[in-house]
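Below are the chains, spelled out letter by letter.
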Amino acid sequence: MPKSLRSLSAEEQNHFCQLVREKVGIVIKNTQIPSITATLFSRMFNSQFTSPMAYFNYLRCTSEGRDDLEILVQEITINETSFFRNPAQFTLLKEMVFPQLLEGRSQSEPLSILCAGCSTGEEPYSIAIAARELLGLRAYERVEICAADIDRAVLNLAAEGRYRDRALRTTNVGVREQYFRQNKNGYQLDESIRSMVDFKKWNISSGTLPPTQSGKSWDIIFCRNVIIYFDNNTVKNVIQAFWEALTPQGFLFLGHSETLWNIHQGFELIQRGQGIVYRKNTIEAHELSGLKVLNFKSKIKPRPLRSGSFHKENSPVQDPLADSSHVDHAIAGPSRTDQSSHADHSSINSSRKDDPSLPDARRVEQLICEADTNYLQEQLDAALECLDLALTLEPEHLEARLFQGRILLESGELDQVREFIDTSWEKNALHAGFQELIAMWAELHGEEDRSLEAWRKVIYLDSNHAWAYYQLGKLLLSLENKQEAQKMFRTALRVLESRDPEESVTPHSRWSCGALMSAARKAGM
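Everything numeric here is computed off the predicted structure, so don't read it as measured data.

J.: Break down the pattern of salt bridges for me, citing the residues and quoting the values.
T.: The final tally for this structure, using the stated rule, is 14 salt bridges. A salt bridge links Arg-279 to Glu-268; its shortest N-O distance comes to 3.2 Å. Of this pair, Arg-279 sits in strand β10 (residues 275-280) while Glu-268 sits in strand β9 (residues 267-272), placing them eleven residues apart in sequence. Residues joined in a network through salt bridges with shared partners are Arg-105, Glu-109 and Asp-219.

Below, the structure written as structure tokens:
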């Protein structure tokens, strides 16, 4: 392989990312490019191309190229799965969803279940086993399961029904003994379960779904850990297709780190224990335009509105420290400085170090730095004034907006933060700091499920985010999931080991890495 062709130029990377996004709706992160480059060049030379751009046109325009593109997509997506992954959802399926849908249904009208992004088959076969456990031999007549995936290779593996030990790591012994036959290579799934699942090659990101055997709508759709790979527009199109394809009161199962918040308002979220599922709302299609309107009552009494880029009113501001009982320790945290200042806020403008003669970018940087100093000294109003000015200079400065959001949460102005989240979701949904803000807002709003989902998205976007592991651990602990919580605390400690104890754990946080290490150790005991 010529040395000059062992890496892609910035233009070629961008062209390839756009191609994959256009064809399969998957967003490739820059960190994924190196891992697929070798496969890309290998396929390119096998097809006798010497130019990446010519090869990309081949991928885009020919049927043979589409086969090559599937192989490259395998390098991007993670086909890691197991039987009964997230057991709480299968408990919910057996104990609530199946009984509700089967009640009053005739024997001649089977449940139709679509498993989208089925990978190597563990998920649809788990659904089949759950149906068999509940319905016995009647399951073969009362349930039809279609499993779809874009990857023909994994579909072939799924149809064979052969699995290694790892795939059955969350499967209880009784199920393993009843439905699997052990051999020297692992386990062979019983033919009675395999026959319940029909596998189809299908691109879910196209916005169309496979038809049911009866030609009617789907009762249940599983699409877990799939939409995390899609851009926001593709996600909206896919979820809209699900809504249209589901029967009235049909159910949609998503992955634990996925949410419909600000994506679609045609579903209601149902939670039983650790199990979460979305049920279709029977509303008219014309009512589905726009973002989901959140209609929750805050547990926190908001403070008066202040001027700034989040608000429109100009009202006097109460001392943010006058009543700090509402401030969540997760936001405030132990201070990184022993200094404190109770200076009169009326003198802030005259003492500000902002220099109008500097370029705007330098002024913004200076104002954010000054806001950080004021925040550490618990002068929240002063910090917000600095950020207001910074955002006047650069209205789209994300660091300043996220910092402003953190302070507003601490001040109890949840509605102002929600407005920012709603209006900027399209642009910032894949930014870890933005998801962190959503997680904090949701927890303060009493929306634990949304907070869990957002913290997990933070970790997906930034696997070294120690603060997110710690906060997720705390939330799981409050939900009595001690084992998973301890895993999060251990991961936080592992990430923190390589960091300076005096360093701030995240930008503009009062927590130091050393303080968080102590808290994580204590919480994990």
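Further notes follow.
J.: Give a detailed account of the packing of helix α20 (residues 466-478) against helix α22 (residues 513-523), specifying residues and quantitative values.
T.: Running from N to C, α20 and α22 point in directions that differ by 30°, and their axes come no closer than 11 Å. When the axis of α20 is compared with that of α22, the two are roughly parallel. For the pair α20 and α22, the sense of crossing is left-handed. Where α20 approaches α22, its residues Ala-466, Trp-467, Tyr-470 and Leu-477 are matched on the opposing element by Leu-516, Ala-519, Ala-520 and Ala-523. Looking at the contact of α20 with α22 residue by residue, the class counts come to eight nonpolar, no polar and no charged.

J.: I'd like to hear about the sheet that holds strand β2 (residues 143-149), residue by residue, with values.
T.: A sheet is described by the order of its strands in space; here seven strands give the open sequence β6-β2-β1-β7-β8-β10-β9, paired in mixed fashion. Only two strands of the sheet have a single partner each, and these edge strands are β6 (197-201) and β9. If you compare each strand with its neighbour and ignore which way they point, the axes differ by 25° on average. Against the sheet, helix α5 (residues 87-102) makes contact with β1 (111-116), β7 (218-223), β8 (246-254), β9 and β10, and its axis sits at roughly 175° relative to β8, the strand it touches most.

J.: Would you mind going over the packing of aromatic side chains in detail, with residue names and values included?
T.: Counted according to the given criterion, the structure contains 19 aromatic pairs. Centroid distance Phe-222 to Phe-253: 4.3 Å. Interplanar angle 15°. Geometry classified as stacked. Highlighted residues: Phe-222 in strand β7 and Phe-253 in strand β8, separated in sequence by 31 residues. You'll find Phe-222 and Phe-253 in the same group, each marked buried. Site record: aromatic cluster; members linked through ring pairs are Phe-83, Tyr-125, Tyr-163, Phe-180, Tyr-187 and Phe-199. The lysine or arginine in question, Lys-280, covers the ring of Trp-243, its NZ or CZ lying 4.3 Å from the ring centre.

J.: Please provide a residue-by-residue account of the packing of helix α15 (residues 380-393) against helix α16 (residues 398-410), values included.
T.: Interaxial distance between α15 and α16 falls to 10 Å at its minimum, and their mutual angle equals 150°. One element, α15, and the other, α16, form an angle in the roughly antiparallel class. Considering only the axes of α15 and α16, their crossing is left-handed. Only Ala-400, Arg-401, Phe-403, Gln-404, Ile-407, Leu-408 and Glu-410 of α16 make contact with α15, whose side of the interface consists of Leu-380, Ala-383, Leu-384, Leu-387, Asp-388 and Leu-391. When grouped by side-chain class, the residues that make up the contact of α15 with α16 number nine nonpolar, one polar and three charged.

J.: An account of the environment of Ser-463 is needed here, citing residue identities and associated values.
T.: Among the secondary structure elements, Ser-463 is positioned in the loop between α19 (448-461) and α20. Of the residues examined, Ser-463 reaches a relative accessible area of 46% and is grouped as partly exposed. In the structure, Ser-463 is positioned 32 residues away from Val-495 in sequence and 9.1 Å away in space, judged by C-alpha atoms.

J.: So what's going on with unusual backbone geometry? Which residues, and what values?
T.: Residue Phe-84 is not a glycine yet carries a positive backbone phi of 55°. With respect to the helices, strands and loops of the structure, Phe-84 is situated in the loop between α4 (63-76) and α5. For Phe-84, a relative accessible area of 12% corresponds to the buried category.

J.: I'd like a rundown of the nonpolar core, residues and numbers included.
T.: Membership of the largest hydrophobic core comes to 108 residues, with the highest contact counts inside it found for Phe-16, Leu-59, Ile-239, Phe-242, Leu-252, Trp-455 and Tyr-470. Of all the elements, helix α18 (residues 432-444) adds the most residues to this core, at nine residues. Non-local contacts of Phe-242, meaning those with residues more than four positions away in its chain, are made with Ala-116, Ile-204, Leu-209, Ile-221, Cys-223 and Leu-252. Residues Val-97, Ala-130, Tyr-163 and Phe-251 belong to the second largest nonpolar core, which totals 45 residues.

Reading the values: rules and limits
Counting restarts for each chain, with residues numbered from 1 along the sequence as it is written. Thresholds applied to this predicted model are a pLDDT of at least 70 for local features of residues and 80 or more for the giving and counting of side-chain atom pairs; totals over whole chains, interfaces and linings are not thresholded and use all residues. Values reported for side chains reflect all heavy atoms of the structure, with hydrogen atoms and water molecules removed beforehand. For this document, the term salt bridge refers to a Lys or Arg side-chain nitrogen within 4 Å of an Asp or Glu carboxyl oxygen. Each helix corresponds to a stretch of at least 4 residues labelled H or I by DSSP, and each strand to a stretch of at least 2 residues labelled E; elements are numbered beginning at the N terminus. Convention adopted: a line fitted to C-alpha atoms gives each axis, helices being fitted over their contacting stretch, and angles between N-to-C directions are expressed from 0 to 180 degrees. An angle below 35 degrees is read as roughly parallel, one above 145 as roughly antiparallel, one from 65 to 115 as roughly perpendicular, and any other as oblique. Crossings are assigned a handedness: left-handed for a near helix turned anticlockwise from the far helix by less than a right angle, right-handed for a clockwise turn. Two residues form a contact once any of their heavy atoms are found within 4.5 Å. Throughout, the ten residues Ala, Val, Leu, Ile, Met, Phe, Trp, Tyr, Cys and Pro are labelled nonpolar, Asp, Glu, Lys and Arg are labelled charged, and all others, Gly among them, are labelled polar. Note on pairing: DSSP must find at least two bridges between two strands before they are called paired. Pairing of aromatic side chains requires ring centres within 6.5 Å, counting the rings of Phe and Tyr and the six-membered ring of Trp. Pairs whose planes differ by under 30 degrees are stacked, by over 60 edge-to-face, and all others tilted. Only protein chains enter the area calculation, which uses a 1.4 Å probe; residues under 20% of their type maximum are buried, those over 50% are exposed, and those in between are partly exposed. We call a charge positioned above a ring when the Lys NZ or Arg CZ atom is no farther than 6 Å from the ring centre and deviates by at most 35 degrees from the ring normal. For our purposes a nonpolar core is just a set of buried Ala, Val, Leu, Ile, Met, Phe, Trp, Tyr and Cys residues, chained together by side-chain atoms within 4.5 Å.

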